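Examination of the molecular architecture
Chain by chain, the residues run as shown.
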Number of protein chains: 2
Amino acid sequence: VPDVQAILAGDIRAGALLIRRIESGDPEGAGVLRRLYPHTGKAFVIGITGAPGAGKSTLVDGLIRSFRDMGHRVGVIAVDPSSPLTGGAILGDRLRMQRHAEDPGVFIRSMASGCHRGGLSRTAREASLVLDAMGYGIILVETVGAGQGESDIAGLAHATGIVVGPGSGDGIQAVKAGLLEVGDLFIVTHGDLPGSRETEEQLKAMLAMGEPRDPDWKPRVIRTSRDNPESVNTVASAFLEHRRALAGTGALTRRRAVMERVYLRNLVTDLVMERLCRTLEVSQALEKAVSAILEGRTDPLEAAMDLTGTILGNAHTNNPLDTKESIS
Amino acid sequence: VPDVQAILAGDIRAGALLIRRIESGDPEGAGVLRRLYPHTGKAFVIGITGAPGAGKSTLVDGLIRSFRDMGHRVGVIAVDPSSPLTGGAILGDRLRMQRHAEDPGVFIRSMASGCHRGGLSRTAREASLVLDAMGYGIILVETVGAGQGESDIAGLAHATGIVVGPGSGDGIQAVKAGLLEVGDLFIVTHGDLPGSRETEEQLKAMLAMGEPRDPDWKPRVIRTSRDNPESVNTVASAFLEHRRALAGTGALTRRRAVMERVYLRNLVTDLVMERLCRTLEVSQALEKAVSAILEGRTDPLEAAMDLTGTILGNAHTNNPLDTKESIS
């Protein structure tokens, strides 16, 4: 079992072990996480999202250096819900980040995909809580923007940076994906390429037309390039400025409430789905229903409604929390 | 309400209306589908999958022509679970297919994304049932292979074609994505490009090492090129040969059972999740729990377990199917 005290003391092996346990769905992991929970809430969590190929990993790599130079300890969670078919390219970018591996002030974890999206979002949040308990003051969560809109990204971070490539249509695509509304900072990458200035202007024009997410923060657009480390420092400073702007007004608490709501919903969904799968397996109800459909004795929708009744009924009977209700 | 008789007579407007209703989650759509269900089961459903950019849409375009030349009516469902961020490119390929729009023997539907994967897979299956009821004898379902393995693809089609690009690593990627086990036909595209012959040989070598999915069908590898329509005819004929090979042995019925099982599981999951969402909304339980977490009166896992109990309990009480059980 991962040791709570070791994790609170920042022990990297204990932290890595706990995150692995959480990823594999080990109930012991959940137990340890629960004891860590009261020690969390100190870190500032920054979400970095954008289309595949926009330059997220390069930016995260640069931000690690910037925040380290400012004296912060930095945790990184790279969430990769993408297909194994395209996994190769992403892995290459990730490897570049690993040059920070020897710096004890930096802790990087890639979260494996494979689960359903709710599960992945939940696990990423839990890994972020572990890094928070370990004392990393800045946590960067890198996700592929997948058009899931606010809930995915806002559920994982206090601040959100949207990475946009310099292509002419890239800004428009970000808008279509619903990212304009959730971004606190917009980072136009490859600032040395010709299209980047137009993309910057385009984003600024679109932002000027919309309502900001918080009245206390006007989203900013920053152009970066790999050859200009100062441009990445500007991004890091802007994130810290964002934190200061929101901390005074209660906006940060409102954002934490969103994070807790998304996390709680994911937890409940997972618990209910787990019950569903277990009930279907134990009862062999699914196999029996498939036979009935193949023999024309029922149709899929009727069978599904019957099964839903069975599942919720059985679950109810086995539910210890419910006995209290019956007694009272 | 879409008209059952019109759909059975092949009316395209009625069919399109029903599919739209199903996509939007309209309960009336489910009711009509249920009445159509006894009239389905005649179509041969072919799944076409592979990595983004492998050439799926071009192949589907060619297969429509081949099957039309053979006298079949062809329905096409293009499932696109990909991000709106990358949606632009895919749309271009789809547009090419639209040149069949004036042929009354061809019906093409793109399924919008946005739902969770289970929901999308369920809706695609339901659209396929509608096309089946409309009398399309061949149904092509194009999906992006997303590493979900057997359940996604096998749940949608009687036969599965895996599209592989001519790049040196493309065959290996297909294997990593778990596609080698589910493919009945492997189509190596861009047969005029230098790498295609190696990819073909590579796939053949890998297939020779594994067990075929059905003892009655040895998976085949076919190389196609856009300039050679005859190569696409070969693919179409091979799919029909596959159907003949499996029909005699009961293998086709086994595959239908897999499709029904996947569909039923998706239906049950959706029904349970719907109940979950409704309960959380009506009771405002989620908001209350978030407040308790923010005030430190509980932690997320305990709150989630309490909520799960409440949901399954409430659902039970409201479940009409359950009263019968209590009486008996």
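Turning our eyes to something else, we now look at the overall build of chain A. Scanning chain A for helices and strands turns up 14 helices and 7 strands. Within chain A, the fraction of its 328 residues that count as buried is 54%. The contacts of chain A with a sequence gap of at least 6 include a subset with a gap of at least 24, amounting to 77%.

Turning our eyes to something else, we now look at the environment of Ile64 of chain B. Checked against the element boundaries, Ile64 of chain B lands in helix 4 (residues 56-69). Put simply, Ile64 of chain B and Ala236 of chain B are 172 residues apart on the chain and 8.9 Å apart in space, counted from C-alpha to C-alpha.

Moving on: the pattern of salt bridges. Across all of its chains, the model carries 38 salt bridges over all chains by this definition. Glu241 of chain A is the partner of Arg220 of chain A in a salt bridge, and the nearest nitrogen-oxygen pair spans 3.5 Å. Of the two residues, Arg220 of chain A sits in strand 7 (residues 220-223) while Glu241 of chain A sits in helix 10 (residues 229-247), which places them 21 residues apart along the sequence. The class of Arg220 of chain A is partly exposed, set by a relative accessible area of 30%. The closest approach of N and O atoms between Asp26 of chain B and Arg21 of chain B, which form a salt bridge, is 3.5 Å. Of the residues examined, Arg21 of chain B reaches a relative accessible area of 23% and is grouped as partly exposed. Because the salt bridges share partners, they merge into one network encompassing Asp184, Asp214, Arg254 and Arg255 of chain A.

Residues and elements named next belong to chain B. Spatial ordering of the open sheet is given by 3-2-4-1-5-6-7, a layout of 7 strands whose pairing is parallel. Only two strands of the sheet have a single neighbouring strand rather than two, namely strand 3 (106-111) and strand 7 (220-223). Neighbour to neighbour, the strand axes of the sheet diverge by 20 degrees on average, direction disregarded. Running over the sheet, helix 4 touches strand 1 (44-50), strand 2 (74-79), strand 3, strand 4 (138-144), strand 5 (159-164) and strand 6 (185-188) and is turned about 175 degrees from strand 4. Seen against the sheet, helix 9 (residues 195-209) touches strand 5, strand 6 and strand 7 and runs at an angle of roughly 175 degrees to strand 7.

On to the side chain of Glu260 of chain A, then. Along the polypeptide, Glu260 of chain A turns up in helix 11 (residues 251-283). Look at Glu260 of chain A and you get buried, because its relative accessible area is 1%. Among the polar contacts listed, one links the side chain of Glu260 of chain A to the side chain of Tyr37 of chain A, at a separation of 2.3 Å. What Glu260 of chain A contacts, discounting residues up to four positions off in sequence, is Tyr37 and Arg125 of chain A together with Val290, Ile293, Leu294 and Pro300 of chain B.

What follows concerns the pairing of strand 1 of chain B. Strand residues, when the strand is regular, have side chains that alternate between the two faces of the sheet. All names here are of chain B. For strand 1, the buried fraction is high: 7 of the 7 residues fall into the buried class. Residues Phe44, Ile46, Ile48 and Gly50 of strand 1 are buried on one face, and the alternating residues Val45, Gly47 and Thr49, pointing to the opposite face, are buried as well. In the sheet, strand 1 pairs with strand 4 via 7 bridges, with the strands oriented parallel. Counterpart to Phe44 in the pairing with strand 4 is Ile138.

The residue His190 of chain A is not glycine, and still its phi comes out positive at about 55 degrees. By secondary structure assignment, the location of His190 of chain A is in the loop between strand 6 (185-188) and helix 9 (195-209).

Turning next to the sheet that holds strand 1 (residues 44-50) of chain A. All names here are of chain A. Strand order in this open sheet of 7 strands is 3-2-4-1-5-6-7, and the pairing throughout is parallel. Strand pairing shows two members of the sheet lacking a second neighbour, strand 3 (106-111) and strand 7, which therefore form its edges. Within this sheet the neighbouring strands show an average axis-to-axis angle of 20 degrees, counted without direction. As paired strands, strand 1 and strand 5 (residues 159-164) are joined by 5 bridges and run parallel to one another. Each bridged residue has a counterpart across the sheet, and for Gly47 the counterpart in strand 5 is Thr160. Here helix 4 (residues 56-69) sits on the sheet and contacts strand 1, strand 2 (74-79), strand 3, strand 4 (138-144), strand 5 and strand 6; the angle it forms with strand 4, its principal contact strand, is near 175 degrees.

Nonpolar side chains tend to gather and get buried jointly when the protein is soluble and globular. Core analysis: the biggest nonpolar cluster contains 102 residues, and Leu264 of chain A together with Leu264 of chain B have the highest contact counts within it. Those residues in contact with Leu264 of chain B that lie beyond four places of it in its chain are Leu286, Ala289, Val290, Ile293, Pro300, Ala303, Ala304 and Leu307 of chain A.

So, on to helix 11 (residues 251-283) of chain B. Its 33 residues place the ends of helix 11 of chain B 48 Å apart at the C-alpha level, agreeing with the 48 Å of an ideal helix rising 1.5 Å per residue. Count one or two residues on from helix 11 of chain B and you reach Gln284 of chain B, which has phi positive near 55 degrees.

Residues and elements named next belong to chain A. Between helix 2 (residues 12-23) and helix 3 (residues 27-36), the shortest axis-to-axis distance is 8 Å and the interhelical angle comes to 125 degrees. As summarised for this structure, helix 2 and helix 3 are arranged oblique, according to the angle between their axes. Our pair here, helix 2 against helix 3, has a crossing hand that is left-handed. Along its contact with helix 2, which presents Leu18, Arg21 and Ile22, the element helix 3 presents Glu28, Gly29, Val32, Leu33 and Leu36. Its residues assigned to classes, the contact of helix 2 with helix 3 comprises 5 nonpolar, 1 polar and 2 charged.

Let us look at the confidence of the model for chain A. Residue and element names in this part refer to chain A. Overall, the prediction assigns chain A a mean pLDDT of 82, with 84% of residues at 70 or greater. This model gives residues 82-93 a pLDDT under 50, and the stretch forms 16 contacts once residues within four places in sequence are excluded. This stretch, residues 314-328, has a pLDDT under 50; its non-local contacts, to residues over four places away or in other chains, come to 13 contacts.

Two elements in contact, helix 11 of chain A and helix 11 of chain B, have axes separated by 11 Å at closest approach and are oriented at 140 degrees. By the angle between their directions, the pair helix 11 of chain A and helix 11 of chain B is classed as oblique. For the element pair helix 11 of chain A and helix 11 of chain B, the recorded crossing hand is right-handed. Only Arg265, Val268, Thr269, Val272, Met273, Leu276, Cys277 and Leu280 of chain B of helix 11 of chain B make contact with helix 11 of chain A, whose side of the interface consists of Arg265, Val268, Thr269, Val272, Met273, Leu276, Cys277 and Leu280 of chain A. Across the contact of helix 11 of chain A with helix 11 of chain B, the residue classes break down as 12 nonpolar, 2 polar and 2 charged.

Conventions used here
Residues numbered from 1 in each chain as written. Chains lettered and ligands numbered in written order. Predicted model: local features only at pLDDT ≥ 70, side-chain atom pairs only at ≥ 80, totals over all residues. Heavy atoms only, no water. Helix = DSSP H or I, 4+ residues; strand = E, 2+ residues; numbered from the N terminus. Buried < 20%, exposed > 50% of the residue type's maximum accessible area, 1.4 Å probe, protein only. Contact = heavy atoms within 4.5 Å. Salt bridge = Lys/Arg side-chain N within 4 Å of Asp/Glu carboxyl O. Pairing = 2+ DSSP bridges. Axes fitted to C-alpha atoms, helices over the stretch in contact; angles between N-to-C directions. Polar contact = N/O pair within 3.5 Å; in protein donor to acceptor, adjacent residues only side chain to side chain. Core = buried A, V, L, I, M, F, W, Y, C linked by side-chain atoms within 4.5 Å. Expected span 1.5 Å × (residues − 1). Parallel < 35°, antiparallel > 145°, perpendicular 65-115°, else oblique. Left-handed = near helix turned anticlockwise from the far one by under 90°. Nonpolar A, V, L, I, M, F, W, Y, C, P; charged D, E, K, R; others polar. pLDDT = per-residue confidence, 0-100.

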